[in-house]
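Understanding the architecture of this molecule
In case you want the letters, here they are:
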Amino acid sequence: MSATPEAKPEPARRIRFAFTDEQEQFRSAVRRFLEDKSPTTEVRRLMATAEGYDPEVWRQLSDDLALPGIHIPEQYGGTGFGMVELGIVMEEFGRALLCAPFLSTAVLAANAILNAGTDAQKSQLLPDLARGARLGTLAVTELNGEWDPAGIAAVATPDGDGYRLDGTKSYVVDGHLADLLVVAARQPGSAGHTGVALFALTGKTSGVERSALLSMDPTRKLARIDLHGARAELLGNPDSGAGALVRSLDQAAIALANEMVGGAQTLLDSAVKYSKLRVQFGREIGSFQAIKHKLADLLLEVELAKSAAYYAAQAAAVDDPEWRALASLAKAAASETYLHTAAECIQIHGGIGFTWDNDTHLWFKRAKSSEVFLGHPSYHRELLMQRWGV
Amino acid sequence: MGKVNDAEVRAEVREWLAANWDPDMSLVEWRSRLADSGWGMPQWPKEWFGRGLPHTLARVVEEELANVGAVGVAKSGVRLLAAATLLEHGSDSQKKKFLRRILTGEDTWCQFFSEPGSGSDLAGATTRADLKGDFWIINGQKVWTTSAHHADHGLLLARTDWDAPKHEGLSYFVIDVKQPGVDVQPLRQMNGHASFNQVFFTDAKVPQENLVGRVGEGWKVAMTTLAHERRGADGLASPSKRGTRVGRIHAEERAETEKANQPYTWYPQRAGRVDLILERAKETGANRDRYIRQEVAKLLILAKSAEWTARRARAAQQQGRPQGPEGSLGKLAASHVARGCSHVHTLITGTGAMLSGKGSARDGIIAEILVSVPAVSIAGGTDEIQRNIIAERVLGLPKEPRFDTGPFRNVRKN
């Protein structure tokens, strides 16, 4: 896929309701790649490893498809597309349940740097992320699990031309792997959103202690990061950190919503397929209205959640004034739908759906981790109301 | 004659309008001119009050009519469904007899399909038509008939063969509604309105020449009617732009529209009035309740997502892409939205939801929502039937075993 002016974000463009032919072709290319590289046998193999991804597949999706830099401007080493293309990538990854440090590196770390960093910092840090040559992540939440910047207790103390970070970060996606850590911390004595800023450091800095957590969803690895006076560089301006952070989380919410609707579609397809195969009482279970109606309802739910995820991505791509509210809307819708679809997929499979050998639980666990990652649907519904001024 | 183009059609219709359009003539007189010239339904065949133009050029004609503020042919109610069905299946004498008066608005039509014993299972109709001499004699009962109380003709689906399988024993007729054997009664709904009728047929008569299609082909003919209904051919005339125009024609048209719309004042409430949710939450202070905020957000997420799904389906269609599943879900989504509205309006209104009429919340609008919403998931195909259709046609799930095969006489009925 080559960069065209058509796909570049430009302000005041109208929100589109259909993907362009070029975007559909791009989706097909990503899907073909994943069908080849991420069958469930690979998902199962990788989820059992400590790293949780295949470096060779990561290299291919970086070198051959240039995916980690899809939304990063060309001047920083990316291909310069936007949220819509990032959404397509995430949806396909969610569909295939790809095990890769994409959410952490491309979505969370790269967007945080884009939103907070100075031009020099972006030029220095982003090209490696865009090329997939370096893994990164964003550390926001702490032991309290809060997603609002007000919940941040980690402290950044000025020290010479840099800062020293103290505190504990948790639920950090790929935090055990990432070489580039973007950490949210606050000025000593500050509270609320004031005084929160983003800092960059490498995972090998002294004073950084990283431990992998035992995540319920083995396809998405989490870590705890203890910071003991670790030296870090401030990204951008010390006063605009909370704004940049929330913006990054909103972009991540849209990306994750698209990943979730991709996963929900896989679950729906699986449930439909099984209900046509499984025979009980002398007929396919899909001929019973109890199953038919459940599946029709799920189809509706999945299509509605897709519409929200797509619309939010399109709105963010054109910087529509409403896109922050829509990020919360899409996240809440996709979370509910994904988990519901996963639960019903197990139910339709019956006993076999509860076995380890059946693949449904792989997506169920991703649905569960995605439900609370970046904030539970109820948190986002409240945010939505606030953002709509209710 | 070669193919006509846009500019030629525009020029021709403009010239004709300049010579014929006059807002001070009577509505029927003007519509007679439209029907006879073919400019009223230009996409219809030339021999039947049309000009045989493709739909794209018919829109051009519509634009030209609108440009001079000219009223169109009568389109409200069931009349265009009747016309479409007759054009496809009717005999020449039927077309001659009925089409012109449909377009002039002189005749009003209704549809006798649903019965008390066959709602979702429309083909299970048991209203009977028995041939005696030159007349079919009709006995039975129809229900949910829109406008039967002022209709002149009805489209009637009735059983003519009780030994044939269910779908093969039906025939399709045009019946004169204004005759002694047809008793039209209003059907009062749970919300107090009576927008529909129930109609009793006791030895009502239909002349043989009013059979549409052949005996036993009624289901096929009815499918044509229903297909046009789904395409929205029966949309109520929109009075919006013409609301303030002066002239005898416009006054007559406004009266016609008002009469046609009168029974449906509650339709916006039936859909749930999602547009009122935020205003109501703010004006009552319910927006400060954390639980209600959650429920409001859930509802608005649903409503917005449904709206975007419909727009996504339209956008894909406009790009010439094959129809995806998103195009079949609107009706079911609308039911969910309506029910959600009923739930949230109740939360917002609280104890006040026990009252109705003047002085109650929004002077009765909220109460009307609460007692009208149950219609949405039933009218025009129940949610359950919609789910069957989605499951079978979109997801490709197997059909249920049937118990209504063989001679209809032996099929279990209500």
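Small disclaimer: the values here were computed from a predicted structure and weren't measured.

Criteria and cut-off values
Residues numbered from 1 in each chain as written. Chains lettered and ligands numbered in written order. Predicted model: local features only at pLDDT ≥ 70, side-chain atom pairs only at ≥ 80, totals over all residues. Helix = DSSP H or I, 4+ residues; strand = E, 2+ residues; numbered from the N terminus. Rg over C-alpha atoms; globule rule 2.2 N^0.38 Å. Buried ≥ 20, exposed ≤ 12 C-beta atoms within 10 Å, placed from the backbone. Contact = placed C-beta atoms within 7 Å. Nonpolar A, V, L, I, M, F, W, Y, C, P; charged D, E, K, R; others polar. Core = buried A, V, L, I, M, F, W, Y, C linked by C-beta atoms within 7 Å. Domains from an automatic or database assignment. Expected span 1.5 Å × (residues − 1). Bend = angle between axes of the 7 residues up to and from the residue. pLDDT = per-residue confidence, 0-100. Pairing = 2+ DSSP bridges. Axes fitted to C-alpha atoms, helices over the stretch in contact; angles between N-to-C directions. Parallel < 35°, antiparallel > 145°, perpendicular 65-115°, else oblique. Left-handed = near helix turned anticlockwise from the far one by under 90°.

Helix and strand counts for chain B come out as 13 helices and eight strands. Taken over C-alpha atoms, the radius of gyration comes to 24 Å for chain B, in line with the 22 Å a tight globule of 414 residues would show. Seen along its three principal axes, the alpha-carbon backbone of chain B occupies a region of about 70 × 60 × 45 Å. A burial count over chain B gives 41% of its 414 residues as buried. Counting only contacts in chain B whose residues sit at least 6 apart along the sequence, the fraction spanning at least 24 positions is 71%.

Tallying the contact residues gives 32 residues for chain A and 37 residues for chain B. Counted by class, the side of chain A that touches chain B contains 17 nonpolar, seven polar and eight charged residues.

Counting 174 residues, the largest nonpolar core has Val 182, Val 183, Phe 199, Ala 308, Ala 312 and Ala 330 of chain A as the members making the most contacts within it. For this core, the leading source of residues is helix α7 (residues 241–277) of chain A, giving 19 residues. Those residues within four positions of Val 182 of chain A in sequence are excluded, and the remaining contacts are Ala 109, Ala 112, Ile 113, Gly 136, Leu 138, Ala 139, Leu 198, Ala 200 and Leu 235 of chain A. Ranked by size, the runner-up nonpolar core spans 60 residues in total, among them Leu 57, Val 78, Ala 148 and Val 206 of chain B.

Attention now goes to unusual backbone geometry. Residue and element names in this part refer to chain B. Look at Trp 144: it is not a glycine, yet its phi comes out positive at around 60 degrees. For Trp 144, the position within the fold is in strand β3 (residues 135–146). Within the chain, Asp 363 stands out as a residue other than glycine whose phi angle is a positive 50 degrees. Residue position: Asp 363 is located in the loop between α11 (330–349) and α12 (365–372). Judged by the 12 C-beta atoms lying within 10 Å of it, Asp 363 falls in the exposed class.

This next bit is on the domain arrangement of chain B. A common way to express how large an interface is: the accessible area buried when the components associate. Taken domain by domain, chain B holds domain 1 (16–76 + 238–262), domain 2 (107–230) and domain 3 (268–380). Relative placement of domain 1 of chain B and domain 3 of chain B: their C-alpha centres are 35 Å apart.

Moving on, we get to the domain arrangement of chain A. Residues and elements named next belong to chain A. Each assigned domain of chain A is listed with its residue range as follows: domain 1 (5–103 + 121–130), domain 2 (136–239) and domain 3 (243–387). A separation of 29 Å is found between the C-alpha centroids of domain 2 and domain 3. Facing the 13 residues of domain 2 at the interface are 13 residues of domain 3. Along the lines of polarity and charge, the residues of the side of domain 2 that touches domain 3 split into eight nonpolar, three polar and two charged.

Turning our attention to helix α5 (residues 102–116) of chain A. Because the α-helix completes a turn every 3.6 residues, residues three or four places apart line up on one side. Residue and element names in this part refer to chain A. Its 15 residues place the ends of α5 20 Å apart at the C-alpha level, agreeing with the 21 Å of an ideal helix rising 1.5 Å per residue. The principal kink in α5, of about 25 degrees, is found at Ala 110. Here α5 lies mainly inside the structure; 15 of its 15 residues are buried.

Residue and element names in this part refer to chain A. On the secondary structure map, Leu 103 appears in helix α5. Leu 103 sits 104 residues away from Gly 207 along the chain, and the two C-alpha atoms are 25 Å apart. Those residues in contact with Leu 103 that lie beyond four places of it in its chain are Leu 108 and Val 173.

For the rest of this paragraph, the subject is the confidence of the model for chain A. For chain A, the average pLDDT comes to 96, and 97% of its residues sit at 70 or higher. Counting contacts from residues 1–11 of chain A, a segment whose pLDDT is below 50, to residues more than four positions away or on other chains yields 16 contacts.

All names here are of chain B. Burial analysis of strand β4 (residues 153–159) places seven of its seven residues in the buried class, the great majority of the element. Of the two faces of β4, the one lined by His 153, Leu 155, Leu 157 and Arg 159 and the one lined by Gly 154, Leu 156 and Ala 158 are each fully buried. Direction of pairing for strand β1 (residues 109–112) relative to β4: parallel, over a ladder of four bridges. Bridge assignment links Trp 109 to a residue of β4, and that residue is His 153. With seven bridges joining them, β4 and strand β5 (residues 170–176) adopt antiparallel strand pairing. Bridged to Leu 157 within β5 is Tyr 172.

This brings us to the packing of α7 of chain A against helix α8 (residues 289–317) of chain A. Residue and element names in this part refer to chain A. α8 packs onto α7 with a crossing angle of 155 degrees between their chain directions and a minimal axis gap of 9 Å. Relative to α8, α7 is oriented roughly antiparallel. In the crossing of α7 with α8, the sense of the turn from one axis to the other is left-handed. Counting all contacts with α7, which are made through Gln 251, Ile 254, Ala 257, Asn 258, Val 261, Ala 264, Gln 265, Leu 268, Ala 271, Val 272 and Ser 275, the residues of α8 involved are Ile 291, Leu 295, Leu 298, Leu 299, Val 302, Ala 305, Lys 306, Ala 309, Ala 312, Ala 313 and Ala 316. Within the contact of α7 with α8, the residues separate by chemical class into 17 nonpolar, four polar and one charged.

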